[in-house]
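What follows is each chain in one-letter form.
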Protein chains: 2
Amino acid sequence: MLGREIYFQRREVLKKKLGKGVVILPGNNESPRNYKDNCYSFDQDSTFLYYFGMDIPSLVGVIDIDNNKEYIFGTDFTLDDIVWMGEQKLLKSYAEEAGVENFIEMSEFEKFAAQLKADKREVLLIPQYKADNVMKLSKALGLDPFKYDEHTSLDLIKAIIEQRNVKSQLEIDELEKAVNITKEMHLTAMKTVKAGMKEYEVVAAIEAVAKKYYGSTSFFTIFTKNGHILHNHGYDNTVEDGDMIVLDCGAKSREGYCGDMTTAFPVNGKYSDKQKDMYSLLIEMFEKAEEMVRPGINYKDVHLAVAKVLTEGMIKRGLMKGNADEAVKAGAHAVFFPHGLGHMLGLDVHDMENLGEDLVGYESFPRDMQFGLKSLRLARVLKEGYVFTIEPGIYFIPELVKRWKAAGKFMEYLNYEKIEEYFGFGGMRYEGDFVITADGARRLGDKMPKYYNEIEEIMKK
Amino acid sequence: MLGREIYFQRREVLKKKLGKGVVILPGNNESPRNYKDNCYSFDQDSTFLYYFGMDIPSLVGVIDIDNNKEYIFGTDFTLDDIVWMGEQKLLKSYAEEAGVENFIEMSEFEKFAAQLKADKREVLLIPQYKADNVMKLSKALGLDPFKYDEHTSLDLIKAIIEQRNVKSQLEIDELEKAVNITKEMHLTAMKTVKAGMKEYEVVAAIEAVAKKYYGSTSFFTIFTKNGHILHNHGYDNTVEDGDMIVLDCGAKSREGYCGDMTTAFPVNGKYSDKQKDMYSLLIEMFEKAEEMVRPGINYKDVHLAVAKVLTEGMIKRGLMKGNADEAVKAGAHAVFFPHGLGHMLGLDVHDMENLGEDLVGYESFPRDMQFGLKSLRLARVLKEGYVFTIEPGIYFIPELVKRWKAAGKFMEYLNYEKIEEYFGFGGMRYEGDFVITADGARRLGDKMPKYYNEIEEIMKK
């Protein structure tokens, strides 16, 4: 835990923003795999963790703003538990460490909630992504669980997002730890992979890195020789000489903060000329973003500027044609780069995605539904303390190219014959994690290899 | 998948046993970690997997016995998905591979269920351990989700248990694969551990073994220098010279079958005299069980015979006194061995625990609530094809000993002063996986080290 004062202050900020009501924030329960007592590794809900700091299952936190009282509900350890679990710090003590005065047994929660209802108190809830918490809250508050979503508070959601979007120095330090473990995961992959291995063998080595720091992955590791398949959750291929790997993975630190980086490297440790060429364009895109990010710029403009670098590069290489600005405006480049440039990062890898992607990433205008832009998660004006990813990609997706060609789409910008020559090339993505500073931005973590010669150097060893 | 005929036959057996009704078996959905799209590694529900074989999220299987029709409900891939996911085998084809003729889009499931209700059909359900499936079934069938459990069918549960408790040769072969990966996890731990390491560093190496076979762990790995703490889910200790490790872990094979083994070994690779002495008694207990298990014997009798070996050993060593049979009958030995001798093993590590522990493990008499025996999960007459664990343990649990001594418990059998000399010793457990054959039993997997000199030999390398 980060310290009593920190959680106390975080709740004070929230209380001031909201002014009134009773905020109920359930922590996560254990997630069963195949029966109740066989569970996945526990992940705390990030909002609960942010305000209460307790990385322990089956708690509920309550902030009664009207009466300036705070509560943790949980089932504390008994003497019987000590026989099976050894000496345990009591939940009550953890609650004190989070600066919460009132610890109450969970068996009282339904009574407590019923009283709130009886008193017609304004109860403030956030969306729930786990059905067990939907049922728990619905039962306690007398809601229809199938209509739980109708009872969430937009004011509460927005207040949490505004607060959590700006990271404190302490949070930035924690994120930096996660990024450095993430770096080690990538270097391990580069040093482990060799022709003839199964993808999952390399994944085993990558994920062991996160584990050996008592952390976990921050999301499902992508390690694939088919980088052009963006939603790829299998690891069953044998990697071969000539294959290009896309590795997108991250560590979650002990305190719950997330790293998220992507690299693209050849199985055999040497980029071919064709791979070097496209990789260089990818890094040009990345550096365009690196150069632009600072307080006051809208991230959508960064995304579009990166798209223009891509388009110009593709025109130079003969894969696109026409006017670059117009091609980007029309969205033709998205055939190579169909996703967004980045997203917020924090206690979640897509920070607060459970509260609503658009509420986190957008503020003054709605999401653009053009193919490519509709996948852009971050389109806010950047502010000091924002932590986010920059992750341009270049992919040759035969299914997409074929469909567009068949539909006669963007014939004025896309040189389909030339593009088809790249079928089988796969895809590449490069991703780093950044924080906005007072006058610019800084990449988090120790220096990470970026240019192909730097990566080749690592893979030699 | 294991082959169309296998799933078809399994369902035929179930249909014959039940004779009538409509069985609805939901598969598992993805389990979100911290938001809807950030999920844990997928684990299929074992009953769904057994009858339908599809290791894919968000399906529902239906066996309409009255009309001899079978259905899989799911949301099949679309052309749009192929852009993001590459070429996909359709769910419809998987359903065919499971011998199921009717694949229907999930969007039709609620209508289908409503029709069953309208027709007053007898719907047969099993208990659900995931709230999302409770809500899904309740919504479709018009049940109160808070009272879902009232609608499960004991006939269905019992029919499934009787069928799945007996493993086919094919299943035994699959279990053997999982056991052999489990063996490698143990040998890796023995070769990896050294004084000064954090427990979690060794766990990282152990779990990477399961992953590198495209498997996963079958349950939360126990790796601890505090073997006497039975419910121990942290790995935060530094292991030191002189510490005894208890490692209880298992691999889940690609087809979903589980291994589950425990070893106890010293961090420094050499058992001390005291450790050798207790370890030898532990293996005597294990071998007593090995010697007894065969068709026709009740596993409770094996448990009690093992308890007697323990008691005699403790009397010989001066930690217990009096008559061994009477001490076991009274339950005094349970101060050292407070858990059961084993459990069924299959597609779940505690096979079918979601259907009810007692229904799986007991048949002709109820569970004995004496301390120790109340934790015995298996007390059936063993039959050919049963696969189960043998896992005796010896622990010195200061909290338990102190409480019993203070209460004056079993003064006639326990030599408390002598027992107290073992405070700090920790605990030991040894576990192997067995199948009952026509005339005896066989330990699954390649030869596993059992005696302390065998383990010391491995740790030398």
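Residues numbered from 1 in each chain as written. Chains lettered and ligands numbered in written order. Predicted model: local features only at pLDDT ≥ 70, side-chain atom pairs only at ≥ 80, totals over all residues. Heavy atoms only, no water.

Caption draft 1: Region of the structure containing the overall build of chain A. In terms of helices and strands, chain A carries 16 helices and 17 strands. Over its C-alpha atoms chain A spans a radius of gyration of 24 Å, differing by no more than 12% from the 23 Å that the globule rule assigns to 461 residues. In chain A, 73% of the contacts between residues at least 6 apart in sequence involve partners at least 24 apart. A total of about 17500 Å² of accessible surface is found on chain A, and carbon and sulfur atoms cover 50% of it. (Helix = DSSP H or I, 4+ residues; strand = E, 2+ residues; numbered from the N terminus. Rg over C-alpha atoms; globule rule 2.2 N^0.38 Å. Contact = heavy atoms within 4.5 Å. Areas by Shrake-Rupley, 256 points an atom, 1.4 Å probe, with all protein chains shown as cover.)

Caption draft 2: Representation of the interface of chain B and chain A in the model. Facing the 66 residues of chain B at the interface are 66 residues of chain A. Roughly 5800 Å² is buried in total at the junction of chain B and chain A, and carbon and sulfur atoms are behind 59% of that figure. When the area that chain B buries against chain A is broken down by residue, the three leading residues are B:R33, B:Y35 and B:W84, summing to 15%. Counting across the chain B and chain A interface gives eight salt bridges. For B:K211, the salt bridge identified is with A:E207, shortest N-O distance 2.7 Å. For the pair chain B and chain A, the interface holds 30 residue pairs in polar contact (both at pLDDT 80 or more). Contributing elements (two or more residues each) for the side of chain B that touches chain A: β2 (32–35), β3 (38–39), α3 (79–85), α6 (131–141), α9 (199–212), β8 (216–217) and α14 (398–406) of chain B. (Buried area = accessible area lost by both parts, 1.4 Å probe. Salt bridge = Lys/Arg side-chain N within 4 Å of Asp/Glu carboxyl O. Polar contact = N/O pair within 3.5 Å; in protein donor to acceptor, adjacent residues only side chain to side chain.)

Caption draft 3: Geometry of the domain arrangement of chain A. All names here are of chain A. We note that the domain assignment places domain 1 (4–165) and domain 2 (169–459) within chain A. On a C-alpha basis, the centroid separation for the pair domain 1 and domain 2 is 35 Å. Among the residues domain 1 hides against domain 2, the three largest losses belong to I161, R164 and N165. Together they make up 37% of the total. Inspection of the domain 1/domain 2 interface yields five salt bridges. Across the pair E171 and R10 runs a salt bridge, and its minimum N-O distance is 3.8 Å. (Domains from an automatic or database assignment.)

Caption draft 4: Seen up close, α9(B). Taking 1.5 Å of rise per residue, the 14 residues of α9(B) would be expected to cover 20 Å, and the 20 Å separating its terminal C-alpha atoms lies within 8% of that figure. Burial of α9(B) is extensive: 10 of the 14 residues sit out of reach of the surface. Among the residues of α9(B), those classed as buried are B:E199, B:Y200, B:V202, B:V203, B:A204, B:I206, B:E207, B:A208, B:V209 and B:A210. The inward-facing, buried residues of α9(B) abut α9 (199–212) of chain A together with α8 (169–192), β8, β9 (222–224), β10 (244–249) and β11 (251–252) of chain B. (Expected span 1.5 Å × (residues − 1). Buried < 20%, exposed > 50% of the residue type's maximum accessible area, 1.4 Å probe, protein only.)

Caption draft 5: Spotlight on the sheet that holds β9(B). All names here are of chain B. With antiparallel pairing, three strands are arranged side by side in an open sheet as β9-β10-β12. Each edge of the sheet is formed by a strand with only one pairing partner; in this case those strands are β9 and β12 (261–266). If you compare each strand with its neighbour and ignore which way they point, the axes differ by 10° on average. Judged from the six bridges that link them, β10 and β12 form a sheet pairing that is antiparallel. The residue bridging C249 from the neighbouring strand is M261, located in β12. Strands in contact with α9 are β9 and β10; relative to β9, the strand with the most contacts, it is inclined by about 145°. (Pairing = 2+ DSSP bridges. Axes fitted to C-alpha atoms, helices over the stretch in contact; angles between N-to-C directions.)

Caption draft 6: Structural view of the UniProt feature "domain: Aminopeptidase P N-terminal" (unreviewed entry) in chain A. Within this structure's numbering, the places UniProt gives as "domain: Aminopeptidase P N-terminal" (unreviewed entry) are residues 2–132 of chain A. Annotated as residues 2–132 of chain A, this span is 37% helix and 21% strand, and its ends, taken at the C-alpha atoms, are 28 Å apart. (UniProt positions renumbered as here; feature names shortened; annotations may be inferred.)

Caption draft 7: Spatial organisation of the state of the cysteines. Residues and elements named next belong to chain A. A complete count under the given rule lists zero disulfides over all chains for this structure. Between C249, a cysteine without a disulfide, and C258, which holds the nearest cysteine sulfur, the sulfur-to-sulfur distance is 12 Å. Residue class for C249 comes out buried when judged on its relative accessible area of 0%. Relative accessible area serves as the criterion here: at 1%, C258 is assigned to the buried category. (Disulfide = S-S within 2.5 Å.)

Caption draft 8: Highlighting the pairing of strand β16 (residues 432–436) of chain A. Residues and elements named next belong to chain A. Where burial is concerned, most of β16 is hidden: five out of the five residues are buried. Of the two faces of β16, both are covered, the one formed by G432, F434 and I436 as well as the one formed by D433 and V435. Of the pairings in the sheet, the one linking strand β13 (residues 387–390) to β16 comprises four bridges and is antiparallel in character. Across the sheet, V387 pairs through a bridge with V435, a residue of β16. Here β16 pairs with strand β17 (residues 441–443) via three bridges, running antiparallel. Among the inter-strand pairings, F434 is bridged to a residue of β17, identified as R443.

Caption draft 9: Structural view of the packing of aromatic side chains. Residue and element names in this part refer to chain A. Considering all chains together, one arrives at 47 aromatic pairs over all chains under this definition. Judged by centre distance (4.9 Å) and plane angle (85°), the rings of Y50 and Y51 are edge-to-face. Accessibility expressed as a relative area gives 0% for Y51, which makes it buried. Between F396 and Y422, the ring centres sit 4.7 Å apart and the planes meet at 20°, which makes this aromatic pair stacked. One end of the pair, F396, is in the loop between β14 (393–395) and α14 (398–406); the other, Y422, is in the loop between α15 (416–420) and β15 (427–429), and 26 residues separate them in sequence. Each member of the pair F396 and Y422 is classed as buried. The residue whose ring lies beneath R10 is Y50, and the NZ or CZ to ring-centre distance is 4.0 Å. (Phe/Tyr/Trp six-rings, centres within 6.5 Å; stacked < 30°, edge-to-face > 60°. Lys NZ or Arg CZ within 6 Å of the ring centre and 35° of its normal.)

Caption draft 10: The arrangement of the packing of helix α1 (residues 4–18) of chain B against helix α7 (residues 154–165) of chain B in detail. All names here are of chain B. For the pair α1 and α7, the least separation of the axes is 10 Å and the interaxial angle reads 135°. It follows from the interaxial angle that α1 and α7 lie oblique. Seen from above, α1 lies across α7 with right-handed handedness. Here R10, V13, L14, K17 and L18 of α1 lie close against α7, whose contacting residues are D155, L156, A159, I160, E162 and Q163. (Parallel < 35°, antiparallel > 145°, perpendicular 65-115°, else oblique. Left-handed = near helix turned anticlockwise from the far one by under 90°.)

Caption draft 11: Representation of unusual backbone geometry within the structure. Even without a glycine there, the phi angle at A:K120 is positive, about 50°. Overall, the relative accessible area of 74% leaves A:K120 in the exposed class.

Caption draft 12: Summary view of the relation of the copies chain B and chain A. Mapping chain B onto chain A leaves a residual RMSD of 0.0 Å; the transformation is a rotation of 180° accompanied by 0.0 Å of translation along its axis. This pairing of chains is accounted for by a two-fold axis. Nearest to the rotation axis, the C-alpha of B:A131 is located 2.6 Å from it, this being the minimum over chain B. Looking at the interface residues of chain B, 100% of them are also at the interface in chain A, so both copies use one shared face. (Least-squares fit on C-alpha atoms with pLDDT ≥ 70 in both.)

Caption draft 13: The arrangement of the sheet that holds β17(A) in detail. Residue and element names in this part refer to chain A. Taken together, three strands build an open sheet; the order of strands is β13-β16-β17 and the sheet is antiparallel. Looking at the sheet topology across the chains shown, the edges are occupied by β13 and β17. Strand-to-strand, the axes of this sheet are offset by a mean angle of 35°, without reference to chain direction.

Caption draft 14: The arrangement of the packing of helix α5 (residues 109–118) of chain B against α6(B) in detail. Residue and element names in this part refer to chain B. Where α5 contacts α6, the axes come no closer than 7 Å and their chain directions differ by 55°. By the angle class used here, α5 and α6 are oblique. Contacts between α5 and α6 involve F109, E110, A113, A114 and K117 from the first element and L137, K139, A140 and L141 from the second. Here the residues of the contact of α5 with α6 sort into six nonpolar, no polar and three charged. (Nonpolar A, V, L, I, M, F, W, Y, C, P; charged D, E, K, R; others polar.)

Caption draft 15: Representation of the pattern of salt bridges in the model. Residue and element names in this part refer to chain A. Taken as a whole and assessed by the stated rule, the structure comprises 90 salt bridges over all chains. For K111, the salt bridge identified is with E108, shortest N-O distance 3.1 Å. With a relative accessible area of 60%, K111 lands in the exposed category. Relative accessible area serves as the criterion here: at 33%, E108 is assigned to the partly exposed category. Salt bridges sharing common partners tie together E353, E357, D358, R367 and R377.

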